[in-house]
Amino acid sequence: MAQPFMVQRETQIAAPRATVFAYLTDPEKILSWMGADATTEPYPGGLYLLKGVGPRDGVARGAFREVVPVHRLAYTFGWEGGQEVPPGSSLIEIDLIERDGGTLLRMTHSGLPSEAQAAAHAKGWSHYLERLTTAAAGGDPGPDRGVS
């Protein structure tokens, strides 16, 4: 069996954990930095659905596994119609840590099937975490044109 691949990222956000948590779980706030439509049910087993993501306007789908308000989120993730990363086939874990008067967001996206998929998702995460960092701190990341 092939070895799964992962992406790990950290970003410091000039906002309290409660604010950052809201930007990760509240559909209206999510849309300020990513996607065109979002549905979230932030409880274990609840739906994670995001439409209009990336250059292909993809639809990401998964289910929440762990929700610890203002501290941690874990949810499955994949792309509708995706052969390599189908819905629910990978796992995103996000920890929010108080640091330097703001929040350190530590993210791991595991279970990716190939180096190419890990590289593609790493590029996407860099783009979207930069936009999240701006939005959660009260800035305007501008319109999302996806990952080029």
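Keep in mind that what you see is a predicted model, and the values were worked out from it rather than measured.

Peer 1: Describe the pattern of salt bridges, with residues and values.
Peer 2: Applying the stated criterion across every chain yields a total of 8 salt bridges. Linking arginine 61 and glutamate 80 is a salt bridge whose minimum nitrogen-to-oxygen distance equals 2.6 Å. Remark: glutamate 80 occurs in the loop between strand 5 (72-79) and strand 6 (90-99) and arginine 61 occurs in strand 4 (residues 58-68); sequence separation between them is 19 residues. Looking at arginine 61, the relative accessible area reads 30%, which means it is partly exposed. The class for glutamate 80 is partly exposed, based on a relative accessible area of 36%.

Peer 1: Now, about the sheet that holds strand 5: what can you tell me, with residues and values included?
Peer 2: Pairing in this open sheet of 7 strands is antiparallel, and the strands run 1-7-6-5-4-3-2 from one edge to the other. Each of the sheet's edge strands pairs with one partner strand only, and the pair in question is strand 1 (5-13) and strand 2 (37-40). Each strand of the sheet is rotated relative to its neighbour by a mean of 20°, with strand direction disregarded. Across 6 bridges, strand 3 (residues 47-53) lies against strand 4 in antiparallel orientation. Within strand 4, the residue paired with leucine 50 across the bridge is alanine 60.

Peer 1: I'd like a rundown of unusual backbone geometry, residues and numbers included.
Peer 2: Phi is positive for valine 70, which is not a glycine, with a value near 60°. Tracing the sequence through the fold places valine 70 in the loop between strand 4 and strand 5. Here the phi dihedral of aspartate 100 falls at roughly 50°; this positive angle occurs in a residue that is not glycine. Residue placement: aspartate 100 occurs in the loop between strand 6 and strand 7 (102-112). Judged by its relative accessible area of 70%, aspartate 100 falls in the exposed class.

Peer 1: Lay out helix 1 (residues 17-25) in plain terms, naming residues and giving numbers.
Peer 2: Extensive coverage of helix 1 is indicated by the burial of 7 of its 9 residues. What helix 1 keeps buried is the set Arg17, Val20, Phe21, Ala22, Tyr23, Leu24 and Thr25.

Peer 1: Residue-level account of the pairing of strand 2, with values.
Peer 2: Across a regular strand the side chains alternate sides, sitting on one face of the sheet and then on the other. Residue alternation in strand 2 divides its side chains into a buried set, Ala38 and Thr40, and an unburied set, Asp37 and Thr39. Alignment of strand 2 against strand 3, held across 4 bridges, turns out to be antiparallel. What sits directly across from aspartate 37, in strand 3, is lysine 51.

Peer 1: Give a description of the side chain of serine 110 that names residues and reports values.
Peer 2: Secondary-structure assignment places serine 110 in strand 7. What makes serine 110 buried here is its relative accessible area of 16%. What serine 110 contacts, discounting residues up to four positions off in sequence, is Phe5, Met6, Ser90, Leu91 and Glu93.

Scoring rules and cut-offs
- Going along each chain's sequence as written, the residues are numbered from 1 onward.
- Where totals are concerned, whole chains, interfaces and linings use all residues; where local detail is concerned, this predicted model gives features only for residues with pLDDT of at least 70, and gives and counts side-chain atom pairs only at 80 or more.
- Side-chain metrics in this entry use all non-hydrogen atoms of the structure; hydrogen atoms and water are not considered.
- Take a side-chain nitrogen of Lys or Arg and a carboxyl oxygen of Asp or Glu: if they are within 4 Å of each other, that pair is a salt bridge.
- Going along the chain from the N terminus, every DSSP run of H or I of four or more residues is numbered as a helix, and every run of E of two or more is numbered as a strand.
- Throughout, exposure labels follow a simple rule: accessible area from a 1.4 Å probe, protein chains only, divided by the maximum for the residue type, with under 20% read as buried, over 50% as exposed, and the rest as partly exposed.
- A pair of strands is considered paired only if DSSP assigns at least 2 bridges between the two.
- Angles run from 0 to 180 degrees between N-to-C directions of axes, and those axes are lines fitted to C-alpha atoms, restricted for helices to the stretch in contact.
- Here, two residues are considered to be in contact whenever any of their heavy atoms come within 4.5 Å of each other.

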